[in-house]
Amino acid sequence: MYQCDPLTQLIQQIGVVEATPIQQVETNWTKKAGISLLIKRDDLIHPVISGNKWRKLKYQLAHLVNQKSRHVISFGGGYSNHLHALAFCCHHLNITCRCIIRGRYPTPTPMLNDIRNWNANIDYVTKDEYLKRHDESYLNALRERFSGVVLIPEGGSNYFGMDGIKDLAEQIPHDVDVVVLPVGSGGTTAGLIRALPSHQSVLGVAVLKGEGYLEELVKQFLFKEQYSRLNWSINHHAHCGGYAKKNDELIKLCEEFEQDTHVPIEPVYTGKCVLGIKQLCERGYFQTGSRVLMVHTGGLQGKRALG
Ligand SMILES: *Cc1c(COP(=O)(O)O)cnc(C)c1O
């Protein structure tokens, strides 16, 4: 048997599939608007690791392995798909993972239970301390306290993440007109804007209240010439009041969409993306005949925490 690197080994061992299918779906609102709706099924990359979280982590994990670094720290809330994916991968790569969690969870969420079972360390911090997660002095203090540690930002959104999203962009057919996806920390959106050819536009659907703020998050990963690229924008009409907030319209739409298309979605990210697309169809936003591709960013493991 030939020697292969630990990341390739991990991919084989846990069964990650990066060449995910693209599926065309139809609902009464896509038909009325006269568009083709395609779904890039990145939820099928792996049952535990959310679609875009694998894409964003892949090259950081490769880097860790190459550096022979055995310790990472990252940040998130108690329901974080990113920390969940990271802790799972670190467990399999035998890397120590320390999760800095915003707030306290006297009753751990299902994700926190998994994370602990994968032997990650959990540090609960106050909301005020969590606000410092991007401050250089705070991060330096962590580097001093845990020497040799590698810090990964919230959501896994950094330049390694951009490279992973480029792999996704390369799997999107050239005859697609608009690529739509949910926006949280903006990393996936930025990665697509950077990598897609200029005849394709990128439309992010905000999953939280953040008009202006989310655009800034995306721009920090773009060069000037990319952020003046006119064909990207963020829609702020489908967040239903904030992160993880939901209403009857959203819940009903998630159920109907699953029945009509057999594509599973959840209300925190992908459900809001579908809601955004439906609202835009009803407003006549897409030209008749448009080929609209929604990136299914995964997150289905989060469904069990929603009750
Ligand atoms: C984290 C996440 C997102 C948001 O991606 P960002 O790169 O942070 O904008 C979207 N969908 C799912 C399912 C996620 O877990």
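Cut-offs used in this document
Residues numbered from 1 in each chain as written. Predicted model: local features only at pLDDT ≥ 70, side-chain atom pairs only at ≥ 80, totals over all residues. Heavy atoms only, no water. Salt bridge = Lys/Arg side-chain N within 4 Å of Asp/Glu carboxyl O. Helix = DSSP H or I, 4+ residues; strand = E, 2+ residues; numbered from the N terminus. Buried < 20%, exposed > 50% of the residue type's maximum accessible area, 1.4 Å probe, protein only. Pairing = 2+ DSSP bridges. Phe/Tyr/Trp six-rings, centres within 6.5 Å; stacked < 30°, edge-to-face > 60°. Lys NZ or Arg CZ within 6 Å of the ring centre and 35° of its normal. Near = heavy atom within 4 Å. Polar contact = N/O pair within 3.5 Å; in protein donor to acceptor, adjacent residues only side chain to side chain. Areas by Shrake-Rupley, 256 points an atom, 1.4 Å probe, with all protein chains shown as cover. Nonpolar A, V, L, I, M, F, W, Y, C, P; charged D, E, K, R; others polar. Expected span 1.5 Å × (residues − 1). Arc of directions from axis to C-beta. Contact = heavy atoms within 4.5 Å.

Visitor: Give me the pattern of salt bridges: which residues, what numbers.
Guide: Counted by the stated rule, this structure contains 14 salt bridges. Between Glu282 and Lys278 there is a salt bridge whose closest N-O contact spans 3.2 Å. Here Glu282 pairs with Lys278, and both are found in helix α13 (residues 270-282), just four residues apart, close to one helical turn. Overall, the relative accessible area of 53% leaves Glu282 in the exposed class. A relative accessible area of 17% places Lys278 in the buried class. If you follow the salt bridges from partner to partner, you end up with Glu18, Lys58 and Asp167 in one network.

Visitor: Which residues make up the pairing of strand β2 (residues 36-40), and what values go with them?
Guide: Within β2, five of the five residues are buried, which leaves it mostly tucked inside the rest of the structure. On β2, burial covers both faces: Ser36, Leu38 and Lys40 on one face and Leu37 and Ile39 on the other are all buried. One ladder, built from four bridges, connects strand β1 (residues 22-25) with β2; its direction is antiparallel. Residue pairing in the sheet places Gln24 in a bridge with Leu38 of β2.

Visitor: Tell me about the packing of aromatic side chains, residues and numbers included.
Guide: Under the defined criterion, the tally for this structure stands at seven aromatic pairs. For the ring pair Tyr159 and Phe221, a centre distance of 5.7 Å and an interplane angle of 75 degrees mean the geometry is edge-to-face. One end of the pair, Tyr159, is in helix α8 (residues 159-169); the other, Phe221, is in the loop between α10 (213-219) and α11 (224-227), and 62 residues separate them in sequence. On the basis of an interplanar angle of 90 degrees and a centroid distance of 5.0 Å, the ring pair of Tyr285 and Phe286 is categorised as edge-to-face. Grouping aromatic residues by their ring pairs yields a cluster made of Tyr79, Tyr105 and Tyr124. Here the guanidinium or amino end of Lys53 rests over the ring plane of Tyr269, the centre of that ring lying 5.6 Å away.

Visitor: Go over the site of the ligand, please, and point to the residues and values.
Guide: What surrounds the ligand is a group of 15 residues, the closest being Lys53, Lys56, Ser185, Thr188 and Thr297. Gly184 places a polar main-chain atom, nitrogen or oxygen, 2.8 Å from an oxygen atom of the ligand. Between the ligand and Gly186, the relevant distance is 2.8 Å, taken from an oxygen atom to a main-chain nitrogen or oxygen of the residue. Expressed as a share of its isolated accessible area of 380 Å², the protein-covered part of the ligand is 97%. Residue assignment for the shell around the ligand shows that the elements contributing at least two residues are α3 (51-67), β7 (178-183) and α9 (187-195). The greatest single-element share of the shell around the ligand, amounting to three residues, is contributed by α3. Taken together, the residues of the shell around the ligand sort by class into three nonpolar, 10 polar and two charged.

Visitor: I'd like a rundown of helix α12 (residues 248-261), residues and numbers included.
Guide: A rise of 1.5 Å per residue sets the reference length of α12, with its 14 residues, at 20 Å; its end C-alpha atoms lie 20 Å apart and thus fit the reference within 8%. Taken together, the buried positions of α12 are Leu250, Leu253, Cys254, Phe257 and Thr261. The buried residues of α12 occupy an angular sector of 105 degrees when the element is viewed end-on, so they sit on one face. What points out from α12, more than 90 degrees from its buried face, is the exposed set Asp248, Lys252 and Gln259. Buried residues belonging to α12 abut β1, α2 (28-33), β2 and α13.

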